[in-house]
Amino acid sequence: MSLDFISLENIQEIAHQYGYWAIFVGILLENLGIPLPGETVTLVGGFLAGNNELNYWFVVGDAAAGAAIGGTCGYWIGRIGGWSLLMRLASLLRISEVKVLDLKDKFGENAAKAVFFGRFFALLRIFAAPLAGIAEMPFAKFMLYNFLGAGAWASAMVSLAFFAGKVVSLEQLVQWVGQFTVFALLILVALIATYLWLESRKVEEAVSEE
């Protein structure tokens, strides 16, 4: 997700001008739900580190800190006001409270995986933390997987741009990563939809057998 006026060229110019602050703030804001291209910001940071304009380790720490702090804020937004908002949305979509509670429980069972691996999927990177808050995932457990996920994601993205940026253009790299994350998200959605469908079939069969 990105705003139209935030082009790759503009991101590079901002990163050149503000350095580590641009990376930290860009990723923080994306994790707060503002449609900024945090993934692209991270790749730009890694690319600049590969060109010796920024320090590799500072960029990794910067990106991880922005992601972790943003995720923590997202968790508390979900924990404090997310449930009422979700119920209003469910009411508009005519989804019963029982169904929403069932989905909440299912997410809660897999919240740790969602928080950690969600960093690598478009959109889920933004919504995993608030959903963990709504599911009332224990805060200490959330923080563990939040920091681990943020660190793994930042290291992977910065390292990719640091090394791959020496052999391919930044524009091409950003395009490839963007396409991969969207494709991965579509596969994840398909897997979740299939799982929910199979679960509903099991329930229907169990009811019919009674």
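Per an unreviewed UniProt entry, the chain goes by the name VTT domain-containing protein and belongs to Calothrix parasitica NIES-267. The record in UniProt for the chain states the following under Subcellular location (unreviewed entry): "Cell membrane". For the record of the chain, the UniProt heading Sequence similarities (unreviewed entry) holds the text "Belongs to the DedA family."

**Q** Is there a simple way to think about the pattern of salt bridges in this case?
**A** Pairing is possible between side chains of opposite charge, provided their charged atoms come close. This model, assessed by the stated rule, comprises two salt bridges. As a salt-bridge pair, arginine 125 and glutamate 30 come within 3.1 Å of each other at their nearest N and O atoms. In this pair, arginine 125 sits in helix 7 (residues 124-134) while glutamate 30 sits in helix 2 (residues 20-31), placing the two residues 95 residues apart along the sequence. Side by side, arginine 125 and glutamate 30 carry an identical accessibility label, which is buried. Here arginine 125 makes a salt bridge to glutamate 39, at a shortest N to O gap of 3.5 Å. Separated by 86 residues along the polypeptide, arginine 125 in helix 7 and glutamate 39 in helix 3 (residues 38-50) bring together distant segments of the chain. Accessibility classification places arginine 125 together with glutamate 39 in one group, the buried group.

**Q** Any chance you could explain empty space enclosed by the protein here in plain terms?
**A** Space left empty within the atom packing is revealed by a probe, the size of a water molecule, rolled over the atoms. One pass over the structure, following the stated rule, counts one cavity of 30 Å³ or more. Each pocket or cavity is described by its volume, and for the largest cavity that value is around 50 Å³. For the largest cavity, the full set of lining residues is Gly71, Val115, Arg119, Arg125, Ala128, Ala129, Phe142 and Asn146. For the lining of the largest cavity, the element with the most residues is helix 7, which contributes three residues. Across the lining of the largest cavity, the residue classes break down as four nonpolar, two polar and two charged.

**Q** Help me understand the UniProt feature "transmembrane region" (unreviewed entry) in the chain in this model?
**A** The feature "transmembrane region" (unreviewed entry), as annotated in UniProt, sits at residues 18-36, 56-78, 114-132, 144-164 and 176-198 in this numbering. As annotated, residues 56-78 comprises 100% helix and 0% strand, and the C-alpha atoms at either end are separated by 33 Å. Between the end C-alpha atoms of residues 114-132 the distance is 8 Å, and the span holds 68% helix and 0% strand.

**Q** Before we go on, may I ask you to explain the environment of isoleucine 80 in this structure?
**A** Residue position: isoleucine 80 is located in helix 4 (residues 56-92). Given the relative accessible area of 72%, isoleucine 80 is considered exposed. Here the alpha-carbon distance between isoleucine 80 and glycine 133, two residues 53 residues apart in the chain, equals 7.8 Å.

**Q** Is there a simple way to think about the side chain of threonine 40 in this case?
**A** Here threonine 40 lies in helix 3. What makes threonine 40 buried here is its relative accessible area of 15%. Not counting the four nearest positions on each side in its chain, threonine 40 is found in contact with Leu8, Ile11 and Val174.

**Q** Would you take a moment to explain the packing of helix 1 (residues 8-18) against helix 3 for this structure?
**A** A pair of packed helices can be characterised by two numbers: the angle between their axes and the separation between those axes. Where helix 1 contacts helix 3, the two axes come as close as 10 Å, and the packing angle between them is 55°. For the element pair helix 1 / helix 3, the angle class is oblique. In this structure, helix 1 crosses over helix 3, and the sense of that crossing is right-handed. Residues Leu8, Ile11, Gln12, Ala15 and His16 of helix 1 pack against Thr40, Val41, Val44 and Leu48 of helix 3. Among the residues making up the contact of helix 1 with helix 3, the classes are represented as six nonpolar, three polar and no charged.

Thresholds applied
Residues numbered from 1 in each chain as written. Predicted model: local features only at pLDDT ≥ 70, side-chain atom pairs only at ≥ 80, totals over all residues. Heavy atoms only, no water. UniProt positions renumbered as here; feature names shortened; annotations may be inferred. Salt bridge = Lys/Arg side-chain N within 4 Å of Asp/Glu carboxyl O. Helix = DSSP H or I, 4+ residues; strand = E, 2+ residues; numbered from the N terminus. Buried < 20%, exposed > 50% of the residue type's maximum accessible area, 1.4 Å probe, protein only. 1 Å grid on protein atoms, 1.4 Å probe; cavity = no way out; pocket = protein on both sides within 12 Å on 5 of 7 lines; lining within 4 Å. Points joined across faces, edges and corners; volume = space filled by probe spheres on them. Nonpolar A, V, L, I, M, F, W, Y, C, P; charged D, E, K, R; others polar. Contact = heavy atoms within 4.5 Å. Axes fitted to C-alpha atoms, helices over the stretch in contact; angles between N-to-C directions. Parallel < 35°, antiparallel > 145°, perpendicular 65-115°, else oblique. Left-handed = near helix turned anticlockwise from the far one by under 90°.

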